[in-house]
Amino acid sequence: MGKITEALKRVTDDRVARIQRKPETQYVVRKLEDTNIDAHIVSFHDSSSPIAEQYKIVRTNLQTLRAEKGYKSFALTSAINGEGKTVTTLNLAISVAHDLDHKSVLLIDADMRKGKLAQYLGIERSPGLSDVLKGEVQAEDIIVSPNIDNLSVIVSGKMPKNPAELLGSKKMKSLLTSLKNKFDYIFIDTPPVMPLTDACTLGSLVDGVVLVIQASRTQRGVVKHALGRLYQAHAKTLGYIMTNIEYHLPHYLYRYVQEYGGYKYAYKDEDGNGGKKKKVSQVSR
Ligand SMILES: Nc1ncnc2c1ncn2[C@@H]1O[C@H](COP(=O)(O)OP(=O)(O)O)[C@@H](O)[C@H]1O
Ligand SMILES: [Mg+2]
């Protein structure tokens, strides 16, 4: 193999390794006992933590869209798999459900192939959306309550042979219309855009799409391509949520957060020479 070919192969291998790499830092802070809900759902386990605050910022933006434009249904997707869609959708939905407005929130797992919403909530994944769309059960029978005030959930259901066709069916459209009349907010967790058409189909049925992007992994070109696909499907992309980003707080801000948030975190020196910057210590599971 020539030197150039070798170098090109190395670059390609590096890129593939980066895409396949799982996030190294697990951002679990605290886990409540007596619940099956996964510790990554920080908005549930530790709603006053700085990480949960980030979801509240997005919540505020969505509430503004609802108040100003009447948007109430949102699909969360990403360009490729494993960027944090499910964790983000769950945290966001719980954050909205926790708000003092007491709005009713419905969370739907429309990732019929690899849906993990049920797993994160510690509940059964069936019966769910696919079973209703196949006409095997009634919609009212699959709406479950995961013991979180104001939150209802529709899990993905048994894996069907034709998820794309089911999501694009008239039945899906009418189901969403009737659910929109019953709930104040609907969040839909979808499969990624690049390998499948499902997210684009769903994107065209909701008021807006939020793209989850995992930092240091998904390439700009891939994100642009995904955005192009959503655009072609007439889905309205409202914005982005970056995942896998660490907090770097300047010292003065760190003290401010600690004093005013009444919240104690384990911080550690990042630079090791006087500690001008502090980094949130993330606790692994
Ligand atoms: N904000 C985040 N920061 C760091 N890692 C995250 C974040 N959100 C999710 N993850 C991690 O990314 C992995 C995939 O998350 P998941 O939500 O299941 O992805 P997807 O639904 O896009 O396939 C999990 O290990 C999860 O802990
Ligand atoms: Mg997922």
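Residues numbered from 1 in each chain as written. Chains lettered and ligands numbered in written order. Predicted model: local features only at pLDDT ≥ 70, side-chain atom pairs only at ≥ 80, totals over all residues. Heavy atoms only, no water.

Colleague: Is there a simple way to think about helix 3 (residues 50-69) in this case?
Modeller: Owing to its 3.6 residues per turn, the α-helix brings residues three or four apart onto one side. Helix length check: helix 3, at 20 residues, gives a terminal C-alpha distance of 29 Å against a target of 28 Å (1.5 Å per residue), a fit within 8%. For helix 3, every residue scored as buried is listed here: P50, I51, A52, Y55, V58, R59, L62 and Q63. The inward-facing, buried residues of helix 3 contact helix 2 (42-45), strand 1 (73-78), helix 4 (85-98), strand 4 (185-189) and strand 6 (237-243). Directly beyond the C-terminal end of helix 3, a positive phi value near 75° is found at G70. (Helix = DSSP H or I, 4+ residues; strand = E, 2+ residues; numbered from the N terminus. Expected span 1.5 Å × (residues − 1). Buried < 20%, exposed > 50% of the residue type's maximum accessible area, 1.4 Å probe, protein only. Contact = heavy atoms within 4.5 Å.)

Colleague: Explanation requested: the pairing of strand 5 (residues 208-214) in the structure shown.
Modeller: Regular strands show a simple pattern: their side chains alternate between the two faces of the sheet. In terms of residue burial, strand 5 counts as a mostly covered element, since seven of its seven residues are buried. Going residue by residue along strand 5, you find G208, V210, V212 and Q214 tucked away on one face and V209, L211 and I213 tucked away on the opposite face as well. In terms of strand pairing, strand 1 meets strand 5 through five bridges, oriented parallel. By the bridge assignment for strand 5, L76 is matched with V210. For strand 5 and strand 6, the ladder comprises six bridges, and the chain directions are parallel. Bridged to L211 within strand 6 is Y240. Of the crossover connections in this fold, the one passing from strand 5 over helix 10 (residues 220-232) to the parallel strand 6 is right-handed. (Pairing = 2+ DSSP bridges. Right-handed = clockwise from strand over helix to strand, strands pointing away.)

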